[in-house]
2 protein chains.
Amino acid sequence: MLTRSEEDHLKAVYALLQHSDQENGRNRTASTKAIAERLSTKASSVTDMLKKLAEKGLLKHVPYYGVKLSAKGQAAALRLVRKHRLWETFLVERLGFGWNEVHEVAEQLEHVSSDKLTNSLEEYLGHPRFDPHGDPIPDRDGNVQVRSTRPLTRCVVGERVRLAAVKGPNDALLQLLDQKGIGIGMVYHVRSRQVFDGSIELRSKEGQESTVSEQVAAQLLVEPVRP
Amino acid sequence: MLTRSEEDHLKAVYALLQHSDQENGRNRTASTKAIAERLSTKASSVTDMLKKLAEKGLLKHVPYYGVKLSAKGQAAALRLVRKHRLWETFLVERLGFGWNEVHEVAEQLEHVSSDKLTNSLEEYLGHPRFDPHGDPIPDRDGNVQVRSTRPLTRCVVGERVRLAAVKGPNDALLQLLDQKGIGIGMVYHVRSRQVFDGSIELRSKEGQESTVSEQVAAQLLVEPVRP
DNA sequence: ACAAAATATTAGACATGCCTAATTTATTAT
DNA sequence: ATAATAAATTAGGCATGTCTAATATTTTGT
Ligand SMILES: [Mn+2]
Ligand SMILES: [Mn+2]
Ligand SMILES: [Mn+2]
Ligand SMILES: [Mn+2]
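Residues numbered from 1 in each chain as written. Chains lettered and ligands numbered in written order. Predicted model: local features only at pLDDT ≥ 70, side-chain atom pairs only at ≥ 80, totals over all residues. Heavy atoms only, no water.

So, on to the coordination of the manganese ion (ligand 3). Angles at a metal have ideal values that depend on geometry: 109.5 degrees with four tetrahedral donors, 90 or 180 degrees with six octahedral donors. Residues and elements named next belong to chain B. At 2.0 to 2.5 Å from the manganese ion (ligand 3) lie its protein donor atoms, namely Asp8 (OD), Glu107 (O), Glu107 (OE), Glu110 (OE) and His111 (NE2). Mapped onto the sequence, the residues coordinating the manganese ion (ligand 3) show the spacing D-x98-E-x2-E-H. Linking Asp8 in helix α1 (residues 4-23) with Glu107 in helix α5 (residues 103-109), this pair joins segments that are 99 residues apart in sequence. (Donors = N, O, S within 2.8 Å, 3.2 Å for Na, K, Ca; no water. Helix = DSSP H or I, 4+ residues; strand = E, 2+ residues; numbered from the N terminus.)

Structure (structure tokens):
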């Protein structure tokens, strides 16, 4: 049985390792400071918790270097991520929450422990594979759908892409996207890219034109359109 | 902001006061020992918590006598009861849980704090007025439906009654009722009552006959059938 | 290569919530 | 009315999770 704080620490480590895996090479390690920032605590508190989790065999801690998850820790983190994203999906799909309103509540709901609940919820939602922000929902065995996405900033003019996910589901960013009518799953034609500020002009399949700044484009993860 | 433990203590006090109000006269008080039993803790821990809650103005604590809820405490308890019963309803109605499987999970879910979540859930469920055990769900202002129910043991032969609620939703009891096909809302004709053991024979509107022991009958709360 | 800066850990403290054992107060039985 | 019993509180202790300040180690900049 893990406490709420233990679970949150594991999830933070998992998220940071995901990020660094994607940006730098494989096999990076999560830093104490980054974990503390993500959880709004202090580095010293994180060190304490890392020692505790290492003793429980959930992660490997090399003092002054950082941590990696053990198989057990990875599994626990994935179970939490699974619950978080299933609840987010429930809140948006069934209760009519906006995709920018779900994070805090899911942050609480994810800690409810009942396998029957988690699996029933998944079934009730029709086994969704992605959450409202486009992030993949791990299945009950901890398998995560892998997709080859890249930021919209890496696209060239003329490409057709589908918006797969939003990187840092920040509240203000999600509201901006709502206003522009930009949403997960939509397909866009990259019309132009300004040299001056890096802003990008998009046109949806339905003919809707939108311009996004470079800052926004960097947060939009797109995937190639199949056909 | 109340902690989980504070909330659970308030709810225990509320439940005990409800019980004693119904059985004895009005204005009874909840005892330290009863609270401890209900929460599976020790009396000394309860005393600590009662002092804390009294300082916060949530209840009135007269040492060596017992506690009553203040208006603030009553409101907080009712919010918790509301969430508990809404979640139980969700689990049964939407996720297909059995009515004997919901308590533990609802015990966790009730502590998730988000008014938007609670109210959306209520609306999603179609503003249910009773939970799967027949207990009334307080509305967002803390109003609770009052019904005049009595245990089946107080009925006389020949009466027609509707099963309104199950008193102590004990797991084994609920399973027994499931097996006999007895459920909330069903209307029964009281056919006979044995002098020897107090067992009662019932016949449902649909013609299904069931016999229940006195022990079971004492837990079945019934209300008069409207005509 | 070294000093300065950044990052991490340790030491020591505090709040919370729980426990056991000892003590106080209330209830009950004779 | 008093003694025995039950219930409640207090005292003292422990685990958890957090903090600040002091110290250790690594990384960075020149
Ligand atoms: Mn969380
Ligand atoms: Mn998400
Ligand atoms: Mn609870
Ligand atoms: Mn119930």
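Here we come to helix α3 (residues 43-55) of chain A. Residue and element names in this part refer to chain A. Over its 13 residues, α3 extends 18 Å from the first C-alpha to the last, a length consistent with the 18 Å expected when each residue adds 1.5 Å. When we look at burial in α3, the residues that qualify are Val46, Met49, Leu50 and Leu53. The arc that holds every buried residue of α3, seen down its axis, measures 105 degrees, which confines them to one face. Among the exposed residues of α3, those pointing more than 90 degrees away from its buried face are Ser44, Asp48 and Glu55. (Expected span 1.5 Å × (residues − 1). Buried < 20%, exposed > 50% of the residue type's maximum accessible area, 1.4 Å probe, protein only. Arc of directions from axis to C-beta.)

This part covers the packing of aromatic side chains. Tallied over the entire structure, the rule returns six aromatic pairs over all chains. An angle of 55 degrees between the planes, with centres 5.2 Å apart, marks the rings of Phe90 of chain A and Phe90 of chain B as tilted. Note that Phe90 of chain A is positioned in helix α4 (residues 71-93) and Phe90 of chain B in helix α4 (residues 71-93), a pairing that runs across two chains. When its relative accessible area of 0% is taken as the criterion, Phe90 of chain A is described as buried. Plain terms: the ring middles of Trp87 of chain B and Phe90 of chain B are 5.7 Å apart, the flat faces sit at 80 degrees to each other, and that makes the pair edge-to-face. Placement of both Trp87 of chain B and Phe90 of chain B in helix α4 is noted, with a separation of three residues, approximately one turn of the helix. Assessed through its relative accessible area of 3%, Trp87 of chain B is described here as buried. Linked through ring pairs, Trp87, Phe90 and Tyr124 of chain A together with Trp87, Phe90 and Tyr124 of chain B together constitute an aromatic cluster. The ring of Tyr124 of chain A has Arg94 of chain A lying over it, and the distance from NZ or CZ to the ring centre is 4.5 Å. Across the ring face of Phe97 of chain A, the terminal group of Lys116 of chain B is positioned such that the distance to the ring centre comes to 4.9 Å. (Phe/Tyr/Trp six-rings, centres within 6.5 Å; stacked < 30°, edge-to-face > 60°. Lys NZ or Arg CZ within 6 Å of the ring centre and 35° of its normal.)

Turning our eyes to something else, we now look at the environment of Leu152 of chain A. Residues and elements named next belong to chain A. Mapped onto the secondary structure, Leu152 falls in the loop between β3 (150-151) and β4 (160-166). Overall, Leu152 belongs to the buried group, its relative accessible area being 2%. Spatially, the C-alpha atoms of Leu152 and Val212 are 9.9 Å apart, while their sequence positions differ by 60 residues. Sequence-distant contacts of Leu152, defined by excluding residues within four places in its chain, comprise Val161, Val190, Ile200, Leu202, Val212, Ala217, Leu220 and Val222. (Contact = heavy atoms within 4.5 Å.)

Here the focus is the nonpolar core. Judged by nonpolar contacts, the single largest core of 32 residues is most densely connected at Phe90 of chain A together with Phe90 of chain B. Breaking this core down by element, the ones donating at least two residues are α4, α5 (103-109) and α6 (115-124) of chain A together with α4, α5 and α6 (115-124) of chain B. Those residues in contact with Phe90 of chain B, other than ones at most four positions away along the chain, are Phe90, Leu121 and Tyr124 of chain A together with Leu95, Leu121, Tyr124 and Leu125 of chain B. (Core = buried A, V, L, I, M, F, W, Y, C linked by side-chain atoms within 4.5 Å.)

Further remarks concern the sheet that holds strand β8 (residues 220-224) of chain A. Residue and element names in this part refer to chain A. Spatially, the six strands line up as an open sheet ordered β3-β8-β4-β5-β6-β7, and their pairing is antiparallel. The two strands at the open ends of the sheet, each matched to only one other strand, are β3 and β7 (209-212). Looking at chain direction, β4 and β8 are connected through five bridges and run antiparallel. By the bridge assignment, Val161 is partnered in β8 with Pro224. (Pairing = 2+ DSSP bridges.)

Here the focus is the protein's contact with DNA strand D. Near DNA strand D there are 21 residues, and of these Ser45 and Lys52 of chain A together with Lys33, Thr47 and His61 of chain B occur at the shortest range. Backbone atoms, meaning sugar plus phosphate, form 75% of the atoms of DNA strand D positioned within 4 Å of the protein. Ser44 of chain A is positioned such that a nitrogen or oxygen atom in its side chain is 2.9 Å from a base oxygen of DNA strand D. A distance of 3.0 Å is found between a phosphate oxygen of DNA strand D and a side-chain nitrogen or oxygen belonging to Thr32 of chain B. Secondary-structure elements contributing two or more residues to the surface near DNA strand D are α1 (4-23) and α3 of chain A together with α2 (32-39) and α3 (43-55) of chain B. Grouping the constituent residues of the surface near DNA strand D by class yields five nonpolar, eleven polar and five charged. (Near = heavy atom within 4 Å. Polar contact = N/O pair within 3.5 Å; in protein donor to acceptor, adjacent residues only side chain to side chain. Nonpolar A, V, L, I, M, F, W, Y, C, P; charged D, E, K, R; others polar.)

Another point: the protein's contact with DNA strand C. As a matter of local geometry, DNA strand C sits amid 22 residues, with Lys33, Lys51 and His61 of chain A together with Ser45 and Lys52 of chain B nearest to it. For DNA strand C, the backbone portion of the atoms within 4 Å of the protein, that is sugar and phosphate, comes to 75%. At a separation of 3.3 Å, a phosphate oxygen of DNA strand C approaches a polar backbone atom of Tyr64 of chain A. The contact in question runs from a base oxygen of DNA strand C to an N or O atom on the side chain of Tyr64 of chain B, over 3.4 Å. Elements with a minimum of two residues in the surface near DNA strand C: α2 (32-39) and α3 of chain A together with α1 and α3 of chain B. Split into classes, the residues belonging to the surface near DNA strand C amount to six nonpolar, eleven polar and five charged.

What follows deals with the sheet that holds strand β3 (residues 150-151) of chain B. Residues and elements named next belong to chain B. Strand order in the open sheet formed by six strands is β3-β8-β4-β5-β6-β7, and the pairing between neighbours is antiparallel. Both outer strands of the open sheet, β3 and β7 (209-212), are each paired with one neighbouring strand and no more. Here strand β4 (residues 160-166) pairs with strand β5 (residues 187-193) via three bridges, running antiparallel. Its bridge partner lying in β5, Val161 is registered against Tyr188.

Residues and elements named next belong to chain A. Even without a glycine there, the phi angle at Ser40 is positive, about 55 degrees. A positive phi is found at Tyr64, a non-glycine position, where the angle reads about 70 degrees. By the element assignment, Tyr64 lies in the loop between β1 (59-62) and β2 (66-69). On the basis of relative accessible area, Tyr64 is assigned to the exposed category, the value being 85%.

The next thing to look at is the interface of chain A and chain B. Facing 19 residues of chain A, the contacting portion of chain B comprises 19 residues. The contact between chain A and chain B buries some 1600 Å² in all, and 70% of this surface belongs to carbon and sulfur atoms. Scanning the region where chain A abuts chain B turns up two salt bridges. Of the charged contacts in the structure, one is a salt bridge between Glu101 of chain A and Lys116 of chain B, with a shortest N-O distance of 3.1 Å. One can count six residue pairs in polar contact (both at pLDDT 80 or more) joining chain A with chain B. Of all the elements in the fold, those that place two or more residues in the side of chain A that touches chain B are α4, α5 and α6 of chain A. Its residues assigned to classes, the side of chain A that touches chain B comprises eleven nonpolar, five polar and three charged. (Buried area = accessible area lost by both parts, 1.4 Å probe. Salt bridge = Lys/Arg side-chain N within 4 Å of Asp/Glu carboxyl O.)

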